[in-house]
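# Breakdown of the fold
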Amino acid sequence: MTPDLSKSHKPITELFAHSADPGEFRLEQEQIEQFEEQGFLAGVPMLTANQVEALRRELAEFQSDSHAGREHWYEYNADESTDPDTVLFHALGAWRIGPGFHDLLWNPAFTVPASQLLQGAVRFWHDQLFYKPAHHGGIVAWHQDYSYWTRTQPIAHLTCWIALDDASVDNGCVQYIPGSHRWDLLPITGLAGDMAAISEVLSADQLEKFEQPVAAEMKAGECAFHHSLMVHGSHENRTARPRRAAVINAVRDGVYSSSNESLLEGVPIIREGSPLSGQFFPLLYSPSS
């Protein structure tokens, strides 16, 4: 059996070796204000070219049905698309299998700005991988991340979407509805089905906002941070190049379980009212340390 890397709560490679000064990764006040006003912040440098290539290699290995460590995934979908003409690879748990994706969690280019935006210490929630192949990559329908996370409270969650390829409108980059992080929680209308499905649960005023979404076009190695209530989605990839992305979902330390069921597939139960902690929810960064 392949070792479960979740047992290590520190970097295990030199891939993200960095300066001891976290100040170089801090966001400017203008960036923080933009995040608070619009609900997202895109184009933040996250990875070097070498780091991008290392993560691409690991992702390529994961796409084989027989890859080592398969037993450690929380969720693995070789194709989550509901359209037979498109493909959407989506998996949770890469940090338990790939050394690069494991160490990505402790990358100060992530942890330092995440702490600023969460206004506290950063605890890991879970990761995700998305892969839209060339020519027939599937959609990720409009949704709010927290609609899938209501088993954890209070709402003090943050998503970091990291481009492993240049992401553009043409190949299905993530798009945002500015200000939607101030909306109430919406019902789930599906993650990989119909882009228009969300319209069934929107008010007329909310629906009008979809006339001007903001496309977060980014270079490989850049990232976008967004609020857990931010409405976002992405269209198909019909270009001749893939669109790959890694996602880190984090919470402010102190977020607790609001369920007596397992928070992730195969993970021991954290009792209702108890804060996230332990092997599968490590503390990544504290501004006081």
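A brief look at the structure comes next. (Residues numbered from 1 in each chain as written. Predicted model: local features only at pLDDT ≥ 70, side-chain atom pairs only at ≥ 80, totals over all residues. Heavy atoms only, no water.)

This paragraph deals with the pattern of salt bridges. It is possible for side chains bearing opposite charge to pair when their charged atoms get close. Summed over the entire model, instances satisfying the criterion amount to seven salt bridges. Here arginine 96 makes a salt bridge to aspartate 4, at a shortest N to O gap of 2.7 Å. In this pair, arginine 96 sits in the loop between strand S3 (89-92) and helix H3 (99-104) while aspartate 4 sits in the segment before helix H1 (29-38), placing the two residues 92 residues apart along the sequence. Relative accessible area serves as the criterion here: at 12%, aspartate 4 is assigned to the buried category. With a shortest N-O distance of 3.4 Å, arginine 56 and glutamate 53 are connected by a salt bridge. Of the two residues, arginine 56 and glutamate 53 both sit in helix H2 (residues 49-62), three residues apart, roughly one turn of that helix. By relative accessible area, glutamate 53 is classed as partly exposed at 34%. What emerges from the salt-bridge pattern is a single network uniting Glu53, Arg56, Asp165 and Arg244. (Salt bridge = Lys/Arg side-chain N within 4 Å of Asp/Glu carboxyl O. Helix = DSSP H or I, 4+ residues; strand = E, 2+ residues; numbered from the N terminus. Buried < 20%, exposed > 50% of the residue type's maximum accessible area, 1.4 Å probe, protein only.)

What follows concerns the sheet that holds strand S5 (residues 140-144). Taken in spatial order, the four strands make up an open sheet running S5-S11-S8-S9, and their pairing is antiparallel. In this open sheet, the two strands that pair with only one neighbour each are S5 and strand S9 (214-215). Examined bridge by bridge, S5 and strand S11 (residues 231-234) share three bridges and lie antiparallel to one another. By the bridge assignment for S11, glutamine 144 is matched with valine 231. (Pairing = 2+ DSSP bridges.)

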